[in-house]
Amino acid sequence: MRGKFLTVSMMAVLSLILSVALTACGGQVTMERVAAANSVDALLSRHKSFLTEAVISAEYDEPFSWETYLEKDFVYVPYRNNLSNLAPGELVAYLSDRNLGSGYLIASGNGEDLIFSVAFPAMPAEDYIQSVPEDYSIINTEMTPTENILNIEPDKKNGVTNIATELNGSNFQYILNYNTLEILSMEEKSVSNQQEETVIVLNVSYDAERPELAERMLREMRESDEISNDSAKLTIVYNPGTDSEESYSYIADKKFQISPILKDNYELCYDADGQEPFLDYGVSLKNGDVILYAIPY
């Protein structure tokens, strides 16, 4: 009887511990709730910004770092933090702003040049879809809910909850804000031949200040919208020589380059016959006005 009583008591204690863990943060902690709490919209409803810093190791000879900085309708991604010794043509940073459009900072032989992505035809700001090359969610909000929770350790004293999960041969360790379930850090390890290998280490900062280079890019993007005495016009002509011909223009300072965002199923060409495709990264305006042609394919 005594042994049975101890077993039942231990089960009761374990049940209580699990119950406390699962009911932390004002309700049952599930990966569905974690995913919902860490969507971009959810995070930016509570914070003015967030900065993610990741070190990625999997499938690469050497680990590399990856950063993203987000505000509402604003994305900034530095590809190079060290601006010294840049080779001409190297990509330095990317920025997308719903009101200003998108810009890439490209290294040139004389410093850095900005190339802007401009939508043709121009669209109202509320209809403008940011030209963002990736999904900037902190986690995969579709896959994360399928992770199996192995352990939950609420630490109310320090304001965090530790969660261990696994999925498809990978183990995940999350440190979450105890009250909001926001991810503070995450580490993923792959398991192969009884050995663990770190795949990614991620840290998140909330209400972070804008990076200095992002501020500089924003200043120059606003400047590109101002018509100066040394401006030039880029014109894109759609369906040249046909009844459906139409054209759109953008004026910018000659020091900037433009990368047009075309309508679907069109390619940019130097000539109206479509025999000479435009293959450059951006359109230089330094020599004056430029006319290019959008040819259907």
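K.L.:
Looking at this structure, I do not really get the overall build of the chain. What am I missing?
P.N.:
A tally of helices and strands in the chain yields four helices and 17 strands. In the chain, which comprises 297 residues, the share counted as buried stands at 41%. The contacts in the chain between residues at least 6 apart in sequence include a share of 51% that link residues at least 24 apart. As displayed, the chain offers around 17,000 Å² of accessible surface, 48% of which is attributable to carbon and sulfur atoms.

K.L.:
Can you help me understand helix H4 (residues 212–224) in this one?
P.N.:
Residues three or four positions apart in an α-helix share a direction because the helix packs 3.6 residues into each turn. Spanning 13 residues, H4 covers 19 Å between terminal C-alpha atoms, matching the ideal 18 Å at 1.5 Å per step. All buried positions along H4 are accounted for by Leu213, Ala214, Met217, Leu218, Glu220, Met221 and Ser224.

K.L.:
Just checking my understanding: could you explain the packing of aromatic side chains for this structure?
P.N.:
For any pair of aromatic rings, the description rests on two quantities: the centre-to-centre distance and the angle between the ring planes. Under the criterion given, the structure shown has eight aromatic pairs. Ring plane angle 15° and centroid distance 6.3 Å describe the contact between Phe172 and Tyr174, whose orientation is recorded as stacked. With 5.8 Å between their ring centres and 85° between their planes, Tyr238 and Tyr248 make a pair best called edge-to-face. Taken as a pair, Tyr238 in strand E12 (residues 231–238) and Tyr248 in strand E13 (residues 246–253) lie far apart in primary sequence, ten residues in all. Cluster of aromatic residues (ring-pair linked, three or more members): Tyr238, Tyr248 and Tyr266. The lysine or arginine in question, Arg210, covers the ring of Phe74, its NZ or CZ lying 4.9 Å from the ring centre. Looking at Lys263, its charged tip hangs above the ring of Tyr238, at a distance of 4.8 Å from the centre.

K.L.:
Would you take a moment to explain the pairing of strand E1 (residues 49–56) for this structure?
P.N.:
Remember that side chains alternate between the two faces of the sheet whenever the strand is regular. Judged by how many residues are buried, E1 sits mostly within the fold: six of eight residues are covered. Note: E1 against strand E11 (residues 195–206), seven bridges, orientation antiparallel. Bridge pairing in E11 links Leu51 to Ser205.

K.L.:
What is the right way to read the pattern of salt bridges from this model?
P.N.:
Two side chains that carry opposite charge are able to pair once their charged atoms sit near each other. All chains considered together, the criterion is met by nine salt bridges. Between Arg210 and Glu71 there is a salt bridge; the shortest N-O distance is 2.7 Å. Taken together, the positions of Arg210 in the loop between E11 and H4 and Glu71 in strand E2 (residues 64–71) put the pair 139 residues apart, joining distant regions of the chain. Residue Arg210 is classed as partly exposed on the basis of its relative accessible area of 29%.

K.L.:
How do you make sense of the pairing of strand E9 (residues 170–177) when you look at a structure like this?
P.N.:
Direction of pairing for strand E8 (residues 160–167) relative to E9: antiparallel, over a ladder of eight bridges. By the bridge assignment, Thr165 is partnered in E9 with Phe172. Between the antiparallel neighbours E8 and E9 lie two residues, among them Asn168 with a positive phi of about 50°. Hairpin geometry of E9 and strand E10 (residues 183–192) is characterised by an intervening segment of five residues between the two adjacent antiparallel strands and by a positive phi of about 70° at Leu181.

K.L.:
Looking at this structure, how should I read unusual backbone geometry?
P.N.:
Both trends apply: most residues other than glycine have a negative phi, and most peptide bonds are in trans. The phi dihedral of Asn168 is positive, around 50°, even though this residue is not glycine. For Asn168, the position within the fold is in the loop between E8 and E9. Of note, Leu181 is a non-glycine position whose phi angle comes to about 70°, a positive value. Structurally, Leu181 is set in the loop between E9 and E10.

Calculation notes
- Residues numbered from 1 in each chain as written.
- Predicted model: local features only at pLDDT ≥ 70, side-chain atom pairs only at ≥ 80, totals over all residues.
- Heavy atoms only, no water.
- Helix = DSSP H or I, 4+ residues; strand = E, 2+ residues; numbered from the N terminus.
- Buried < 20%, exposed > 50% of the residue type's maximum accessible area, 1.4 Å probe, protein only.
- Contact = heavy atoms within 4.5 Å.
- Areas by Shrake-Rupley, 256 points an atom, 1.4 Å probe, with all protein chains shown as cover.
- Expected span 1.5 Å × (residues − 1).
- Phe/Tyr/Trp six-rings, centres within 6.5 Å; stacked < 30°, edge-to-face > 60°.
- Lys NZ or Arg CZ within 6 Å of the ring centre and 35° of its normal.
- Pairing = 2+ DSSP bridges.
- Salt bridge = Lys/Arg side-chain N within 4 Å of Asp/Glu carboxyl O.

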